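What follows is the residue order along each chain.
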Amino acid sequence: MTPGTTHHFTSLAWLAAALILLSQVALADTEVNLYSARKEALIKPLLDRFTDETGIQVNLVTGKADALLQRLKSEGANSPADLLLTVDAGNLHRAKTAGITQAVQSETLDKAIPATYRDPEGHWYGLSLRARPILYAKERVDPADLSTYEALADDAWQGRICIRSSSNIYNQSLVASMIAADGVESTETWARAIVANMARPPQGGDRDQIKAAAAGQCDIAIANTYYLSGMLKSDDPGELEPAKKMAVFWPNQPGDGDGRGTHVNVSGAAMTAAASNKDAAVKLMEFLVNPEAQAWYAETNGEYPVRTGIEQSPVLAEWGEFQADDLSLAKLGELNAAAVRLMDRAGWR
Ligand code: FE
């Protein structure tokens, strides 16, 4: 071998090494594309923190849950999205069933998130917990008269209940949780009684039920607690004053009925089937369950952390501890169609 060929060989080896290094740099994700059903203000500061820590850019697209799901379906394999952030296990399950998600394996996620708050196959992971208890008008309801969701079927509540439409996923999930606990037949009987006990045909969102109860149109509102905490934190008297008239009752606690616990749900994340920045997507999900992120996210959204051992905000702490239904939330998705049909049969608009 002449010195010339050795030199030639050495530079080839260097070139190869350099190419391998370059390809590794190119393989490390520098960005992640996020479709979020959560409003920008409720997530952006956390995403910025993630970018500061990892150098990974987050491209955020926000929209309504149904619209984002539809968009992901129509974009299919060409979707730029890596991650879907949406509310309600029912929606997360729909995304999975539509084939637009893929399974993720992560020990960090499995350790941080209780098994009931994530898909058994890893297609979605809960990131925050929301509770849907009974809210009552303090002036007109004695909490001693409240016990379970089931007991709201009693004649004593005739014309006194405000609850939104059956087209709303939160109510579909609540009814799905009741099917899981009580069966279809008994839940249908319950739903008919609830319809009979409604103060008015369903209209508006959760905040509107709270306001209607505060205004005396009804005595009970079924609503997610973060709406009430949001109203309590508001500078607008139109939000704050009604909220002050309402209180939280945690139904189905031990000693009441089957004591299965109050209905809860999650907001969560799912990796899209089309994801091209998989590593970054997993990193972002893992970031969102670290203790500081959990505390900030739950506090900002008026929700509860999915991770245990995180300190609660003062408003939530004031409402006290409660036992949550320990039903695997994947069931809410599986029973969604049955819940929708049942509410329809019961005449729940
Ligand atoms: Fe909501």
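Parameters and conventions
Residues numbered from 1 in each chain as written. Predicted model: local features only at pLDDT ≥ 70, side-chain atom pairs only at ≥ 80, totals over all residues. Heavy atoms only, no water. Salt bridge = Lys/Arg side-chain N within 4 Å of Asp/Glu carboxyl O. Helix = DSSP H or I, 4+ residues; strand = E, 2+ residues; numbered from the N terminus. Buried < 20%, exposed > 50% of the residue type's maximum accessible area, 1.4 Å probe, protein only. Contact = heavy atoms within 4.5 Å. Donors = N, O, S within 2.8 Å, 3.2 Å for Na, K, Ca; no water. Pairing = 2+ DSSP bridges. Disulfide = S-S within 2.5 Å. Axes fitted to C-alpha atoms, helices over the stretch in contact; angles between N-to-C directions. Parallel < 35°, antiparallel > 145°, perpendicular 65-115°, else oblique. Left-handed = near helix turned anticlockwise from the far one by under 90°. Nonpolar A, V, L, I, M, F, W, Y, C, P; charged D, E, K, R; others polar.

Colleague: Please give an account of the pattern of salt bridges that cites residues and values.
Modeller: Inspection of the entire model under this criterion finds 22 salt bridges. Across the pair Glu241 and Lys244 runs a salt bridge, and its minimum N-O distance is 3.4 Å. In this pair, Glu241 and Lys244 both sit in helix 10 (residues 237-244), three residues apart, roughly one turn of the helix. Through salt bridges with shared partners, one network takes in Glu150, Asp258, Arg260 and Asp325.

Colleague: Now, about the environment of Pro291: what can you tell me, with residues and values included?
Modeller: You can see Pro291 is positioned in helix 12 (residues 291-301). Pro291 sits in the partly exposed class, given a relative accessible area of 35%. Linking Pro291 and Thr308, residues 17 residues apart in sequence, is a C-alpha distance of 9.1 Å. Ignoring sequence-local partners within four residues, the contact set of Pro291 consists of Arg307 and Ile310.

Colleague: Residue-level account of the coordination of the iron ion, with values.
Modeller: Only Tyr170 (OH), Tyr226 (OH) and Tyr227 (OH) from the protein reach the iron ion as donors, at distances of 2.0 to 2.1 Å. Read in sequence order, the donor residues for the iron ion give the motif Y-x55-Y-Y. With Tyr170 in helix 6 (residues 169-182) and Tyr227 in helix 9 (residues 225-232), this pair connects stretches of sequence that are 57 residues apart. Residue Tyr170 shares its accessibility class with Tyr227, and that shared class is buried.

Colleague: Could you give an account of the pairing of strand 10 (residues 264-272), with specific residues and numbers?
Modeller: Burial runs high along strand 10: nine of the nine residues are buried. Alignment of strand 3 (residues 83-87) against strand 10, held across five bridges, turns out to be antiparallel. In the strand pairing of strand 10, Val87 is matched with Ser267. Pairing of strand 4 (residues 101-102) with strand 10 involves two bridges; the strand directions are antiparallel. Bridge pairing links Gln102 to Met271 in strand 10.

Colleague: If you had to explain the sheet that holds strand 6 (residues 134-137) to someone new, which residues and values would you point to?
Modeller: Taken in spatial order, the four strands make up an open sheet running 7-8-6-9, and their pairing is mixed. Each edge of the open sheet carries a strand with a single partner, namely strand 7 (161-162) and strand 9 (246-249). Alignment of strand 7 against strand 8 (residues 220-222), held across two bridges, turns out to be parallel. Looking at the pairing, Cys162 lines up with Ala221 of strand 8.

Colleague: Tell me what's going on with the state of the cysteines, and back it up with residues and numbers.
Modeller: Tallied over the full model, the rule gives one disulfide. Residue Cys162 pairs covalently with Cys218 via a disulfide, S to S 2.1 Å. When the S-S torsion is -105°, as for the bridge of Cys162 with Cys218, the disulfide is left-handed. In this pair, Cys162 is assigned in strand 7 and Cys218 in the loop between helix 8 (206-214) and strand 8, connecting sequence segments 56 residues apart.

Colleague: How would you summarise the packing of helix 9 against helix 10 if you had to cite specific residues and measurements?
Modeller: At their nearest, the axes of helix 9 and helix 10 sit 7 Å apart, and the two run at 120° to each other. Here helix 9 lies oblique to helix 10, going by the angle between them. The way helix 9 lies across helix 10 gives a crossing that is left-handed. In this structure, helix 9 uses Leu228, Met231 and Leu232 to contact helix 10, whose residues at the interface are Glu239, Leu240, Pro242, Ala243 and Lys244. Within the contact of helix 9 with helix 10, the residues separate by chemical class into six nonpolar, no polar and two charged.

Colleague: Can you lay out the packing of helix 2 (residues 44-54) against helix 11 (residues 278-288) for me, pointing to particular residues and giving the numbers?
Modeller: Here helix 2 crosses helix 11 at 120°, and the two axes come no closer than 11 Å. Judged by the angle between their axes, helix 2 and helix 11 are oblique. Note on packing geometry: the crossing formed by helix 2 with helix 11 is right-handed. Of the residues in helix 11, those in contact with Leu46, Leu47, Arg49, Phe50 and Glu53 of helix 2 are Ala280, Lys283, Leu284, Phe287 and Leu288. In terms of residue class, the contact of helix 2 with helix 11 is made up of seven nonpolar, no polar and three charged.

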